[in-house]
Amino acid sequence: MIRLVLLDIEGTTLPISFVRDVMFPYAAKALPALIEDHTNPQVVGARADIAISHPGEDPLKVCQDWMAKDEKAAPLKTLQGITWRQGFEDGTLRADLYKDVPPALKAWSKGGLRLAVYSSGSVPSQKLLYGYTEQGDLTSLFDGFFDLSTGGKKDAASYTEIAKACALKPEEILFLSDIGAELDAAKEAGLQICQLVRPQDKTVPYEGAPHAADLNDVTQKFSLPT
């Protein structure tokens with residue numbers, strides 16, 4: 001019996017294009033000024049981490065290289081998160097989730113299912129995305145938020161840790177993602193899995209998992225609350 005739905009973000013509940021074409025360019029534009037801020041402890045800490053991993057290199061250039069390569073580097077995630085917080089809080093940014101997502105999440109939660117997020121984006125960034133959406137603040141629907149501090153998304157041990165943190169058996173969790181390798185890792189850990197194959201994101205169907213076109217399709221395939 002499914003007791004919790006664990007959701008990826010990009011390509012699952014939010015179009016990849018929003019992150020790629022809106023959030024990343026916004027952060028890239030704001031980063032040069034932010035990285036020169038010597039009063040914000042988070043920025044100071046991120047710069048120190050960059051200096052350890054890339055001694056003698058310009059921290060801005062390191063971040064720009066990471067962005068160009070789509071590296072999941074912790075200091076970059078921290079700095080991007082700071083810029084995004086400002087953008088969301090001042091109204092410049094609003095997450096436009098797939099239209100099927102808010103109604104499905106609300107129905108699942110109302111029907112007794114627990115919900116959680118697992119994304120490569122930092123937990124603060126996840127809360128911003130779900131807190132400042134075109135459809136309102138949805139953060140209260142979620143029991144938990146997990147990021148790469150739990151472990152890599154292609155590592156089965158990460159999903160084992162999430163199950164423990166949620167005090168559930170792995171088989172009581174349904175993981176939704178668009179990435180086959182992530183689904184493989186979750187399946188190895190004992191979770192139930194389903195791939196979201198959304199035409200807008202040009203997701204390639206993965207043979208190793210059940211497929212769903214949207215969350216309404218997930219509801220039907222797994223007999224979730226409506």
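First, a word on what this report is: a plain description of the structure on this page.

What counts as what
Residues numbered from 1 in each chain as written. Predicted model: local features only at pLDDT ≥ 70, side-chain atom pairs only at ≥ 80, totals over all residues. Heavy atoms only, no water. Helix = DSSP H or I, 4+ residues; strand = E, 2+ residues; numbered from the N terminus. Buried < 20%, exposed > 50% of the residue type's maximum accessible area, 1.4 Å probe, protein only. 1 Å grid on protein atoms, 1.4 Å probe; cavity = no way out; pocket = protein on both sides within 12 Å on 5 of 7 lines; lining within 4 Å. Points joined across faces, edges and corners; volume = space filled by probe spheres on them. Disulfide = S-S within 2.5 Å. Nonpolar A, V, L, I, M, F, W, Y, C, P; charged D, E, K, R; others polar. Salt bridge = Lys/Arg side-chain N within 4 Å of Asp/Glu carboxyl O. Core = buried A, V, L, I, M, F, W, Y, C linked by side-chain atoms within 4.5 Å. Contact = heavy atoms within 4.5 Å. Axes fitted to C-alpha atoms, helices over the stretch in contact; angles between N-to-C directions. Parallel < 35°, antiparallel > 145°, perpendicular 65-115°, else oblique. Left-handed = near helix turned anticlockwise from the far one by under 90°.

## A look at unusual backbone geometry
Step number 1: Even without a glycine there, the phi angle at D70 is positive, about 55°.
Step number 2: Position of D70 relative to the elements: it lies in the loop between helix 3 (59–69) and helix 4 (74–89).
Step number 3: The backbone of K202 sits at a positive phi, close to 55°, despite the residue not being glycine.
Step number 4: Mapped onto the secondary structure, K202 falls in the loop between strand 5 (192–196) and strand 6 (211–212).
Step number 5: A relative accessible area of 70% means that K202 is categorised as exposed.

## Observations regarding empty space enclosed by the protein
Step number 1: Under the definition given, this model contains one cavity of 30 Å³ or more.
Step number 2: Quantified by volume, the largest cavity comes out at close to 130 Å³.
Step number 3: Lining the largest cavity are 15 residues; nearest its centre among them are E10, W84, S119, G121 and L129.
Step number 4: Counting only elements with at least two residues in the lining of the largest cavity, the list comes to helix 1 (16–34), helix 4 and helix 6 (123–131).

## A closer look at the state of the cysteines
Step number 1: Within this structure, the stated rule accounts for zero disulfides.
Step number 2: The thiol of C166 is not disulfide-bonded; the next cysteine sulfur, from C194, is found 19 Å away.

## Re the layout of surface pockets
Step number 1: One number sums up the size of the largest pocket: a volume of about 370 Å³.
Step number 2: Looking at the largest pocket, it is lined by 17 residues, and the ones nearest its centre are E10, K72, S120, I179 and E182.
Step number 3: A breakdown of the residues in the lining of the largest pocket according to their chemical character gives five nonpolar, three polar and nine charged.
Step number 4: Approximately 260 Å³ is the volume found for the second largest pocket.
Step number 5: Lining the second largest pocket are 17 residues, and of these K77, T78, S122, P124 and S125 sit closest to its centre.
Step number 6: The leading source of residues in the lining of the second largest pocket is helix 4, at six residues.
Step number 7: In terms of residue class, the lining of the second largest pocket is built from five nonpolar, eight polar and four charged.

## Some points on the pattern of salt bridges
Note on pairing: side chains with opposite charge can pair once their charged atoms come close.
Step number 1: With the rule as written, the count across this model stands at eleven salt bridges.
Step number 2: Measuring nitrogen to oxygen at the nearest pair gives 3.1 Å for the salt bridge that ties D96 to K99.
Step number 3: Note on D96: relative accessible area 32%, which makes it partly exposed.
Step number 4: In this structure, D143 engages R114 in a salt bridge whose closest nitrogen and oxygen atoms are separated by 2.7 Å.

## Notes on the nonpolar core
Step number 1: Ranked by size, the top nonpolar core spans 39 residues in total, and within it L105, W108, L176, L215 and V218 carry the most contacts.
Step number 2: In this structure, L105 is in contact with L7, L115, Y130, L141, F142 and L215, ignoring residues within four places of it in sequence.

## Quick look at the environment of C194
Step number 1: Here C194 lies in strand 5.
Step number 2: Using a relative accessible area of 0% as the deciding quantity, one classes C194 as buried.
Step number 3: Spatially, the C-alpha atom of C194 lies 13 Å from that of T13, the residues being 181 residues apart in sequence.
Step number 4: The contacts of C194, once residues within four sequence positions are left out, are L174, F175, L176, S177, L183, P210, H211, A212, V218 and F222.

## A short note on the packing of helix 2 (residues 41–53) against helix 4
Step number 1: Two elements in contact, helix 2 and helix 4, have axes separated by 9 Å at closest approach and are oriented at 155°. Looking at the two axes, helix 2 sits roughly antiparallel to helix 4. With respect to the hand of their crossing, helix 2 and helix 4 are arranged in left-handed fashion. Touching Q42, V43, A46, D49 and I50 of helix 2 are P75, T78, L79 and I82, all from helix 4.

## A look at the packing of helix 1 against helix 4
Step number 1: Interhelical geometry of helix 1 versus helix 4 gives an angle of 105° and a closest axis separation of 9 Å. Considering their axes alone, helix 1 and helix 4 lie roughly perpendicular with respect to each other. Residues F18, M23, F24, Y26, A27, A30, L31 and L34 of helix 1 lie in contact with helix 4, whose contacting residues are L79, Q80, I82, T83, W84, Q86, G87 and F88.
Step number 2: For the contact of helix 1 with helix 4, a count of residues per class yields twelve nonpolar, four polar and no charged.

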